[in-house]
There are 2 protein chains.
Amino acid sequence: MKNFDFIPSRGTVTSPKGYKASGIYCGLKRKNKDLCLLVSDSPATVVGMFTSNNVPAHCVVYNKERVQSGRAQALIVNAGNANCCTGQRGWLDNLTIAEKTAALLGLDAGDVLVLSTGVIGEPMPMNKVKNGIAMAVEVLSYDGGVDAARAIMTTDTVPKHFSIELELDGKTCTIGAMAKGSGMIHPNLATMFGIFTTDVAIDRTLLDAAFRDAVNDSFNMMTVDGETSTNDTVLLFANGAAGNSRIIDKNENHAAFAAALKQIAKEAAKAIAEDGEGATKLVTVTVDGAVSKEEAIRAAKSIAKSLLVKTAIFGNDPNWGRVVQSAGASGVQINLQKFGVEFAGVKVAENGGAIPFDREETIQMLKNKNVQIKIDLGAGSISATVFTCDLTYDYVTINAEYHT
Amino acid sequence: MKNFDFIPSRGTVTSPKGYKASGIYCGLKRKNKDLCLLVSDSPATVVGMFTSNNVPAHCVVYNKERVQSGRAQALIVNAGNANCCTGQRGWLDNLTIAEKTAALLGLDAGDVLVLSTGVIGEPMPMNKVKNGIAMAVEVLSYDGGVDAARAIMTTDTVPKHFSIELELDGKTCTIGAMAKGSGMIHPNLATMFGIFTTDVAIDRTLLDAAFRDAVNDSFNMMTVDGETSTNDTVLLFANGAAGNSRIIDKNENHAAFAAALKQIAKEAAKAIAEDGEGATKLVTVTVDGAVSKEEAIRAAKSIAKSLLVKTAIFGNDPNWGRVVQSAGASGVQINLQKFGVEFAGVKVAENGGAIPFDREETIQMLKNKNVQIKIDLGAGSISATVFTCDLTYDYVTINAEYHT
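Not measured: the values here are computed from a predicted model.

Caption draft 1: Focus on the relation of the copies chain A and chain B. Between the two copies, chain A and chain B, the superposition gives an RMSD of 0.0 Å; the rotation angle is 180° and the shift along the axis is 0.0 Å. The symmetry that links the two subunits is that of a two-fold axis. When each C-alpha of chain A is compared by its distance to the rotation axis, Y393 of chain A comes out closest, at 2.8 Å. Interface residue correspondence from chain A to chain B reaches 100%, placing this contact among same-surface, isologous pairings.

This is the structure we're talking about:
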């Protein structure tokens with residue numbers, strides 16, 4: 001294996017050395033696993049990014065403070081209840097979850113991070129959670145990654161877990177990941193949950209740099225419904241168990257690790273978009289010809305979250321005017337004499353105007369599971385790509401009937 | 001009738017003195033009227049507000065320039081084709097429409113405004129339009145307001161027309177209105193079409209001041225799907241035929257006119273939201289306790305365009321956490337110890353946390369055709385109200401199958 005041959009496999013967070021995990025059912029959801037535990041054999045270096053929502057869940061406030069220390073050894077995640085807008089009681093429940101988990105694992109409570117996802121504003125049923133923590137500790141396993149990925153799901157239809165390997169100093173190093181979230185997804189710093197583990201030995205500042213770069217190019221370039229959750233969190237644990245010589249500067253090894261991390265983060269983000277609530281298609285929106293990176297991203301996100309673009313794609317309708325409308329509405333610079341559009345691989349506009357195209361062929365192209373949309377703003381030379389999904393009847397069903 | 005007794009009636013743009021209108025079918029839509037003509041007996045003072053979309057339709061560019069002159073006598077509107085992204089040919093087609101209309105009416109082309117709405121990026125079928133203009137001129141009538149309102153509709157399910165009367169100097173003065181648009185609605189300066197006529201005699205600067213104030217409090221406080229159209233336009237014609245002594249300063253008469261105009265503009269905007277594509281409910285979102293007007297409006301619009309809030313209301317689901325999530329995502333100041341929420345008239349959160357509430361009663365309240373959502377951010381003392389609708393299966397149907 002050479003340094004740069006990245007072969008993503010369908011691995012898990014327990015693919016790297018020295019991580020155990022479990023996923024069990026404790027009664028927070030009607031059925032299906034709802035409590036996940038991840039533990040490193042030794043204290044890990046940890047970095048995180050969190051939602052910018054001004055109404056953060058208790059777990060976000062807690063983890064933000066804990067991650068400052070740079071060290072963690074375990075993570076307990078529940079699905080079904082967000083423990084957000086639950087007042088002082090919710091804060092105490094969050095502490096109790098950390099303390100109970102730590103006590104059973106023989107750790108300091110400060111080394112346990114906590115994540116919650118689900119309904120906002122309802123108190124956490126703590127008896128169920130406490131029993132669940134005991135069960136989760138009991139079945140911890142070096143093969144528990146798939147169970148863990150299943151236990152963090154809410155309206156996701158498939159568990160999302162990955163791993164990637166790279167060679168550093170002759171040692172095989174691994175990054176594992178799991179992710180969840182298929183609604184309330186329009187990240188602003190990070191999205192729902194992305195949880196990464198690695199056995200690479202690396203300085204925390206360099207870990208953080210690679211992590212932020214990877215998240216900005218993956219989770220922050222993905223939208224399902226334009227909503228920014230109160231609980232969004234991405235975490236990365238690095239326990240150094242691979243035995244490589246610790247990465248302490250921005251050398252070739254750091255570059256290789258950063259590239260591998262970015263690749264697995266992109267796979268995780270695309271998997272979330274593809275499994276967006278009700279989605280039938282993964283939609284890739286590329287904006288070229290922008291005057292700045294900020295404007296390229298702004299236009300691409302505007303198109304990617306446009307209800308009219310997303311419903312057109314669901315309906316296999318080559319209504320590219322909606323793409324132009326959405327780019328225009330984002331307020332970015334567009335050259336009206338030069339812009340062009342490609343819709344599902346078919347060139348439909350150039351020099352700022354409609355051109356004849358084969359409507360039937362385009363409709364056939366739109367029936368693919370992966371749809372590409374490209375617009376060249378004709379104003380500059382900067383590009384950005386954002387991932388999203390189509391908007392379907394099932395999105396309405398899922399969200400009109402989520403609670404009742 | 002006293003000065004301030006405003007009695008809105010189901011009038012039209014021909015309710016004020018000195019306006020004729022017509023609405024006919026010329027083949028731009030599959031069926032139903034699609035060409036509207038409005039003519040004042042004498043040149044009118046005109047003011048307008050236009051979309052901020054960076055890809056404006058040809059008619060928007062044309063009207064912006066024409067409205068600068070402050071004078072217009074006729075308006076020709078087609079529905080079915082937006083004449084946007086149609087290149088140089090589209091610009092020439094727009095001029096031809098103005099010139100043909102002017103010639104048949106015996107006016108200068110410069111006194112004719114043009115509006116288009118419909119599909120983006122397809123060339124205007126000019127033969128149909130030219131024949132239509134001749135037909136529309138032929139059937140112009142002082143009672144043509146309802147036909148006109150029908151002819152500007154696209155996916156609207158009902159025509160929207162109104163009038164309001166007020167007494168100035170012992171003279172009965174009238175404001176008439178028609179509006180259209182039920183998708184691609186998230187105004188940014190103005191929305192789809194709002195067309196106002198009045199017979200009040202008033203100085204243009206004072207007309208403009210009343211107009212901008214009314215539009216900002218009505219069309220700019222309404223959203224259907226978060227999309228900003230390429231063709232959004234609001235126009236107001238004032239021909240002075242009522243015979244009041246011309247309003248030349250900000251006196252009591254100006255205040256009365258401005259209040260009447262604001263009231264009819266709000267009725268028109270609410271009618272658009274209520275008839276939003278696929279909508280079953282009119283939703284009124286009020287934000288209190290903001291630190292500034294800008295933040296109050298920002299939070300209210302974020303909630304009003306939230307897919308999760310709109311699908312919850314469609315499903316009669318008292319999932320108020322989505323309201324808080326959306327307010328938080330808008331980035332405005334929120335006091336986490338003080339905020340409170342009322343959902344369909346039921347208090348569901350206060351002091352920043354959930355409180356017990358009667359879920360069944362709230363579900364019943366949500367089944368009403370008008371749903372109120374209130375959030376007090378607890379951070380200041382400023383309020384704002386925005387109108388929207390729920391998000392339904394029919395929205396997806398309409399927009400997935402619009403073209404094909």
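Caption draft 2: How the structure looks around the interface of chain A and chain B. Contacts between the two partners involve 56 residues from chain A, matched on the other side by 56 residues from chain B. Interface area for chain A against chain B, summed over the two sides, is near 4,400 Å², with a carbon-plus-sulfur share of 61%. Among the salt bridges present, the one from E122 of chain B reaches R359 of chain A, with a minimum N-O distance of 3.1 Å. Viewed at the interface, chain B and chain A are joined by 18 residue pairs in polar contact (both at pLDDT 80 or more). If you list the elements that add at least two residues to the side of chain A that touches chain B, you get α8 (307–314), α9 (321–329), β12 (353–354), α10 (359–366) and α11 (393–400) of chain A. Residues of the side of chain A that touches chain B, tallied by class, amount to 25 nonpolar, 24 polar and 7 charged.

Caption draft 3: Main features of the side chain of E295 of chain B. All names here are of chain B. Tracing the backbone through its elements, the reader meets E295 in helix α7 (residues 293–304). Among the residues examined, E295 registers a relative accessible area of 10% and is labelled buried. A polar atom in the side chain of E295 sits 2.9 Å from the backbone nitrogen of Q333. When near neighbours in sequence (up to four residues on either side) are disregarded, E295 contacts A290, V332 and Q333.

Caption draft 4: Focus on the confidence of the model for chain A. Of the residues in chain A, 96% reach a pLDDT of 70 or more, and the chain-wide mean stands at 91. Confidence scores differ between elements of chain A, with β12 of chain A showing the lowest mean pLDDT of 86 and helix α3 (residues 126–138) of chain A the highest of 98.

Caption draft 5: Structural view of the environment of L105 of chain A. Residues and elements named next belong to chain A. When you line up the elements, L105 lands in helix α2 (residues 87–105). A C-alpha to C-alpha distance of 53 Å links L105 and A329, two positions 224 residues apart in sequence. In this structure L105 touches L37, V39, A74, V137 and L140, once residues within four positions along its chain are discounted.

Caption draft 6: Structural view of α11 of chain A. The complete set of buried residues in α11 of chain A reads Y395, V396, N399 and A400 of chain A. With its buried residues spanning 115° around the axis, α11 of chain A presents them on a single face. Contacts from the buried residues of α11 of chain A go to α8 (307–314), α9 (321–329) and α11 (393–400) of chain B. Where α11 of chain A begins, one side-chain oxygen reaches toward the backbone nitrogen of D394 of chain A, 3.1 Å away; that side chain belongs to T392 of chain A.

Caption draft 7: Just the nonpolar core, in detail. One finds I195 and F237 of chain A together with F237 of chain B to be the most contacted residues of the largest nonpolar core, which totals 136 residues. Among the nonpolar cores identified, the runner-up in size contains 44 residues, and F196, A214, V215 and A271 of chain B belong to it.

Caption draft 8: Spatial organisation of the packing of aromatic side chains. Residue and element names in this part refer to chain B. Under the defined criterion, the tally for this structure stands at 6 aromatic pairs over all chains. Ring geometry for Y62 and W91: centres 6.4 Å apart, planes at 65°, overall edge-to-face. Separated by 29 residues along the polypeptide, Y62 in helix α1 (residues 58–68) and W91 in helix α2 (residues 87–105) bring together distant segments of the chain. Consider the rings of F314 and Y393, whose centres lie 5.5 Å apart with planes at 85°: the pair is edge-to-face. Of the two residues, F314 is situated in helix α8 and Y393 in helix α11; the sequence distance between them amounts to 79 residues.

Caption draft 9: Geometry of the pattern of salt bridges. Residue and element names in this part refer to chain A. Taken as a whole and judged by the stated rule, the model has 25 salt bridges over all chains. Note that K33 is salt-bridged to D147, the shortest N-O span being 3.9 Å. Placement of K33 in the loop between β1 (19–24) and β2 (35–50) and of D147 in helix α4 (residues 145–151) is noted, with a sequence separation of 114 residues between them. Linking D217 and K262 is a salt bridge whose minimum nitrogen-to-oxygen distance equals 3.3 Å. Note that D217 is positioned in the loop between α5 (204–216) and β8 (233–238) and K262 in helix α6 (residues 252–274), a separation of 45 residues in sequence.

Reading the values: the criteria
Residues numbered from 1 in each chain as written. Chains lettered and ligands numbered in written order. Predicted model: local features only at pLDDT ≥ 70, side-chain atom pairs only at ≥ 80, totals over all residues. Heavy atoms only, no water. Least-squares fit on C-alpha atoms with pLDDT ≥ 70 in both. Contact = heavy atoms within 4.5 Å. Buried area = accessible area lost by both parts, 1.4 Å probe. Salt bridge = Lys/Arg side-chain N within 4 Å of Asp/Glu carboxyl O. Polar contact = N/O pair within 3.5 Å; in protein donor to acceptor, adjacent residues only side chain to side chain. Helix = DSSP H or I, 4+ residues; strand = E, 2+ residues; numbered from the N terminus. Nonpolar A, V, L, I, M, F, W, Y, C, P; charged D, E, K, R; others polar. Buried < 20%, exposed > 50% of the residue type's maximum accessible area, 1.4 Å probe, protein only. pLDDT = per-residue confidence, 0-100. Arc of directions from axis to C-beta. Core = buried A, V, L, I, M, F, W, Y, C linked by side-chain atoms within 4.5 Å. Phe/Tyr/Trp six-rings, centres within 6.5 Å; stacked < 30°, edge-to-face > 60°.

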